[in-house]
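What follows is each chain in one-letter form.
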Amino acid sequence: MSGTRVASISPDWGDAMNFRPFTSESYTQDDRPEAWRDVLGTVGLQPASAGTSYDGHATALHRSAPGIALTRIAAGSQTVAPLPQGADGLPIAVLPIDDGVILRHGGSHRIVPVGHLLLLPRCGDCSVVFQRDMRAIVLSVTPDALHGRIPGKLRFGEARVVAPGGLADIFSRMLDATARTLEMLGDVEWATVAQAMADLLLTIAHQLADTAPDGRHTASQAAILHRICQAIERRLEDPDLAPAAVAQAEGISERYLQKLFEGVGDNFTHYVRERRLQRAWADLSNPAQAHRSISEIAYRYGFADSAHFSRTFRHRFGLPPREFRQQEAERAAPASMPAGQRGWPQDALAQLRVHQPAATAKRAALVSRTDAADDADHVAPTHHHIAVEASRVHWGYFSRTLSPQAEIGSGDTITIETLTQHASDDPDRMISGDSGAESVFGWTGARKNVDRRGAGPMDASVFGRGAGEGFGVHICTGPIAIRDAQPGDVLEVRILDIVPRPSRNPQFEGRVFGSSVAAWWGYHYNEFLAGPKPREVVTIYEILAGTDRDDDAAPHARALYSYRWEPQTDPFGVVHATYDYPGVPVAPGSVKRRHAVLDGIRIPLRPHFGVIAVAPREVDLVDSVPPSYFGGNLDNWRLGKGSTVYLPVSVPGALLSVGDPHAVQGDGELSGTAIECSMTGTFQVILHKKGSHTGQPYADLSYPLIETETDWVLTGFSHPNYLAEFGAQGQSEVYATSSLDLAMKDAFRKMRRFLMSVKGLSEDEAIALMSAAVDFGVTQVVDGNWGVHAILSKRLFD
Amino acid sequence: MKHFNLPVSPATVHWGYFSKKVQPAVTLRSGDRATIETLTHHANDDYERMIANDPGAESVFHWTREHKAVARRGSGPTEGPFIRGSGEGIGVHLLTGPVAIENAEPGDVLEVRILDIRPRPSCSACHAGRCFGSNAAANWGFHYHDLIEEPKPREVITIFELDTSGEPFARAVYNYVWTPQTDPDGIVHATIDYPGVRVDHGTIKKRENILTGVKVPARLHFGTMGLAPSEADFVSSIPPSYTGGNIDDWRIGKGARMYYPVAVPGAFFSVGDPHAAQGDSELGGTAIETSLTGDFEFILHKKNDLGGTSLEGLTHPMLETEQAWSVYGFTYPNYLAELGANAQTEIASHSSLDRAMRDAFRKLRRFLMTVHRLSEDEAISLMSVGADFGVTQVVDANWGVHGTIRKNVFRCD
């Protein structure tokens, strides 16, 4: 070894300190506004009005060099303004991503589409309104970065909007590319890139400062035509859109209107049809619109008759809409869907947040309470029971728009029957004779009792797997509304009891079975040792109660047989070459059962529910696979009998759902599933109203918190709130970017916050204690949003 | 069966590295036992409590301008001028040994049973008989670049006392923020970058009444135990690897049996880095570092006898406790071989749990298939429903994930 620099025990981080990740998860609710103000301040911004600093979920990646600061921000809706710093210096560059913004300047408003670049002067009264979420890249360059060069007399009194193109385009792309690789750039690389960005910004600022602001155009014909085209664009959904109406609205004659079109070699009817087809084409090729059926899209652009639309579309583009959409999905797939990625295709889901409630999820009045409780606020706790049947489950998704199966009060108990979505792996043992299961799984050529399975489109026009596309797989019983629950409250769900659901098939009467699938989304799937590669394997287990004569025989599971998945044809005729859609009944003759598997092996039980969720606030239909702040597919076996989970309420009524019952699972859930076994749980539900949380362990809760008899278990995820963090891309992106390293970071931050805010420790005490006494473990590496949990023993505080 | 005693002294320790070149401190045979003293390399964080009047500790930590009892600390250069000191602190753990095993050859497996572990009481007049440890939230900690309170960044030492009167537990005594410390050779250590530098308590500000009412349950164990690797003569003690080393799993305590593949003739076992308690992940960079003494038994399993036993095909460290088997996955299972000449410094910039998880999965699959004769499909199903994966540590450059399978899974009527 040469005697040169070494970097083993204390890698020289001095220079790398210019990189800083920020997440609101590190801070208590009270500290967030100040912390966020600091984040904005590093790039020369501030909340637009004093005292309104944002306090919701936010993440930011920041890196700086002398005089240069770049930050990529993902936060909620807010308005920001430049920090007044005198007239000198370069304007602040703001590049909105995902969504446009509104630029306010004095009294005027201007809509800035996504992809346009904003340059904000460091003085003056402009502000930027992020109406949905604040998702932007911000670059701040101060004279320090120019190394004594004179920036020239920049007269930059007004905010400017720069459309993509030319140098601005290069600059924007550079901002974007740099922001994406901020963490990976070496110090020298970063210094070079930062300087280049500063130079580009200087050049652009000069160009703009030299140019006068857009002059007022005269009211030329082109301008009128442009206005008319915009009017048409706004009314494309109107099947009766006529030239007369448009002309009248714009204050010109119909004849003049037609003349304007003739002037550019077109005519009104052709133009409108072309625009409609183009827009439909764009929607069909956009995975973000994948939740809409083809007829919905056709209707949206004024085609009331979908057969007519189909013909016209084919005439124009050479392919019927359905084939076109599938072709586009397949084209997108290889590049963007690494093997093992579940859920929505990459780049999918833009604007999911604005999409209309699905047809099956109509908001409806609350169903009547299951018990005849009176309306008084303080009624004695009552017991409720939700039996499982087709109308009482939602399959593969969570939704704030589902109508509740029951409304219960705080303190009430409720028994909830749940079914495993894997019962169809051996219908004889797990469905036959069980009227509840038969109702939910009921599926013939003519009728499918629960049609939507997953958050995908009902017409299966993305992959053709089936309604909902299996973007989410769990059969969830519920939702159950909690009386008076409001966003900001905390719902405590106590698991009082869990009992397995025995087979009702006379042949297996009273025995309990489960299934475990080593599936294509498993952690092992890309690296089989021996052929055939890859393969999916289903193992059917029997769940056995202990016997008294053998004191070792606590309740346990033993394998009965296994089989390799063979292409299954569902009752609608769709062939499932892989396990890509839940509840497809496996015909016994179609697979080869291998007995004597896992011979002599007995797995002690850990009965728990994989899924306990309240409805998320961000979007209407949320894939049930990735867990997040609202709970969901936590897949932590510690959620068993006697334990409690605290969930932050996001929508009125909370809308609690339970499913994905597991007889036993290991930390990691390596193959993709546990021993999936239908079970019935009894829960007590307690609502903690906002404002009553002070000093409680669930104070300031922004994630699912598990309490067992002995421990606090905090749930860390790769992306603690992936819906907010990735915005429109969330439901796809979360599958692509999961990592245990990120989940570990999140678990660390949550535990630090818990120790500081709930246990009153200083940061130094919290870190010492975490090192000496907190155990971090792998929850799962198969649910899109990977999990690491942190376990804090209650004994520490006795 | 013979019983040996291995007290600590400059002659029986090597500091900060594993090496096949170090003269063995003792040579014994398979089946023999040894009582081995170990010292924490953090004892100088509070000299008074952890070194003063302890002849063994004083002899090892002795360092004046004229004489440094153990000069080399780390696998780095031993010729000056130094940035930090001889060995450059590339490797930090005070290791007792090596213990050579007669007849051990590459390809064999050495089983090390921990029969007992006892804390090493203070000898200082004021604290005699009481046991202390130090926890450093250090610059290599997982938290270091993600601090929320000022000043940023900072290193913090917390001194703990271990109470063994009943069910043993540790409680914090005081803490302080690290200040630049000047060693006897005049090198200033602005951060914790070289082991065994005595902290001048005149330069620090003690904060008492910390972690009040908090009792950390004791988990006495050795953070670093392992054999000399064959790849290099001097190997940093920080990254764990295929011959063990700084695994930092608190389950390696009393009653545990560790198995290590032998890489060099004589095996060359060393032990150190004693811990009073540690959580899975060792988040801040260290455990409660406390000098301990252990009773060990050594059993050599010859290469040709491994077939058909739990050790068949073992190429990595493995733990057996009363309840379970654990295999250790690392970012790089053998970083010395994988990362080439600069492996010992390179490894720090590749740390990742994702790779460690991948490694743990592969090792456990191999164990189930080789030892328990399961098919690959059976092994994968069993791992999903019956094995637990946990974070061993995220602070030792070569990060660790352990995969554990309970023994009662296999006990069937």
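Data block above holds the structure.
For every chain, the first residue of the written sequence is number 1, and numbering continues from 1 onward in sequence order. Note on labels: chains are lettered from A, ligands numbered from 1, in written order. The predicted nature of this model means local features are confined to residues of pLDDT at least 70 and side-chain atom pairs, given and counted, to a pLDDT of 80 or more, with totals for whole chains, interfaces and linings taken over all residues. Hydrogen atoms and water are omitted, and side-chain values are computed over all heavy atoms in the structure.

**Regarding the nonpolar core**
We apply this condition: In plain words, nonpolar cores are sets of buried Ala, Val, Leu, Ile, Met, Phe, Trp, Tyr and Cys residues tied together by side-chain atoms within 4.5 Å. When a residue's accessible area, from a 1.4 Å probe over protein chains only, is under 20% of the maximum for its type it is buried; when over 50% it is exposed; and in between it is partly exposed. Strands are runs of DSSP state E lasting at least 2 residues, helices are runs of H or I lasting at least 4, and numbering of each runs from the N terminus.
If you look at the biggest cluster of nonpolar residues, it comprises 263 residues, and the most contacted ones within it are Val216(B), Met225(B), Phe269(B) and Phe298(B). Ranked by residues supplied to this core, first place goes to helix H15 (residues 740-758) of chain A with 9 residues. Counting 33 residues, the second largest nonpolar core, distinct from the first, contains Ile68(A), Leu119(A), Ala198(A) and Leu208(A).

**Some remarks on the interface of chain B and chain A**
Put simply, the rule is: Between two residues, a contact is recorded if the distance between any of their heavy atoms is within 4.5 Å. Put simply, buried area is how much 1.4 Å-probe accessible surface two parts lose in total, over both of them, once they are put together. Salt bridges are counted wherever a side-chain nitrogen of Lys or Arg sits within 4 Å of a carboxyl oxygen of Asp or Glu.
Taken together, the 91 residues of chain B in the interface contact 85 residues of chain A. Across the interface of chain B and chain A, roughly 7,300 Å² is buried in total on both sides, 57% from carbon and sulfur atoms. Of all residues in chain B, His145(B), Ile148(B) and Val385(B) bury the most surface against chain A, accounting for 9% of the area lost on that side. Between the two partners, chain B and chain A, sit 14 salt bridges. Arg219(B) is the partner of Asp775(A) in a salt bridge, and the nearest nitrogen-oxygen pair spans 2.8 Å. Counting only elements with at least two residues in the side of chain B that touches chain A, the list comes to strand E8 (131-137), strand E9 (156-163), strand E14 (216-217), helix H4 (343-346), helix H5 (353-370), helix H6 (376-386) and strand E24 (387-393) of chain B. In terms of residues, the side of chain B that touches chain A owes the most to one element, H6(B), which gives 10 residues.

**Comments concerning the environment of Val138(A)**
Residues and elements named next belong to chain A. On the secondary structure map, Val 138 appears in strand E9 (residues 126-141). Under the relative-accessibility criterion, Val 138 is labelled buried at 1%. Separated by 530 residues in sequence, Val 138 and Gly 668 have C-alpha atoms that sit 38 Å apart. Residues contacting Val 138, with those up to four places away along its chain left out, are Val 43, Leu 45, Ala 69, Leu 70, Thr 71, Ile 73, Ile 92, Ala 93 and Val 94.

**Describing the side chain of His662(A)**
All names here are of chain A. Short version of the rule: Any N or O atom pair separated by 3.5 Å or less is treated as a polar contact, with the protein-specific requirement of one donor-capable and one acceptor-capable atom, and with residues adjacent in sequence counted only for side-chain atom pairs.
Mapped onto the elements of the fold, His 662 is located in strand E29 (residues 656-664). The exposure class of His 662 is buried, given its relative accessible area of 0%. A distance of 3.4 Å separates polar atoms of two side chains, one belonging to His 662 and the other to Gln 665. A distance of 3.2 Å separates the side chain of His 662 from the side chain of Glu 676, its partner in a polar contact.

**Some words on H6(B)**
The buried fraction of H6(B) amounts to 11 of the 11 residues, a majority that puts the element mostly inside the structure. Where H6(B) is concerned, the buried positions are Glu376(B), Asp377(B), Glu378(B), Ala379(B), Ile380(B), Ser381(B), Leu382(B), Met383(B), Ser384(B), Val385(B) and Gly386(B).

**What about the pairing of E24(B)?**
All names here are of chain B. The line we're drawing: Note: two strands are recorded as paired if DSSP finds a minimum of 2 bridges between them.
For E24, the tally of buried residues reaches 7 of 7 residues, placing the bulk of the element in the interior. When E24 meets strand E25 (residues 400-406), the two strands line up antiparallel, connected through 6 bridges. Following the sheet pairing, Val 391 is matched in E25 by Val 401. Remark: 6 residues form the turn of the hairpin made by E24 and E25, two consecutive strands paired antiparallel; Ala 397 in that turn has positive phi of roughly 65 degrees.

**Focus on the environment of Ser399(A)**
Residue and element names in this part refer to chain A. Tracing the sequence through the fold places Ser 399 in the loop between strand E13 (397-398) and strand E14 (406-408). Separated by 217 residues in sequence, Ser 399 and Pro 616 place their C-alpha atoms 7.0 Å apart. Not counting chain neighbours up to four residues away, the residues in contact with Ser 399 comprise Ala 615, Asp 620, Leu 621 and Leu 655. A polar contact of 2.7 Å, which involves the side chain of Ser 399, links it to the side chain of Thr 401.

**Remarks on unusual backbone geometry**
Cis rather than trans, the peptide bond between Gly80(B) and Pro81(B) has omega equal to -5 degrees. Among the structural elements, Pro81(B) can be located in the loop between helix H2 (55-61) and strand E6 (94-101). Here the bond from Lys152(B) into Pro153(B) is cis, since omega is -20 degrees, no more than 30 degrees from zero. Inspection of the secondary structure puts Pro153(B) in the loop between E8 and E9. One non-glycine residue, Leu655(A), adopts positive backbone phi at about 60 degrees. With respect to the helices and strands, the residue Leu655(A) is situated in the loop between strand E28 (644-648) and E29. Classification of Leu655(A) by relative accessible area gives buried; the value is 6%.

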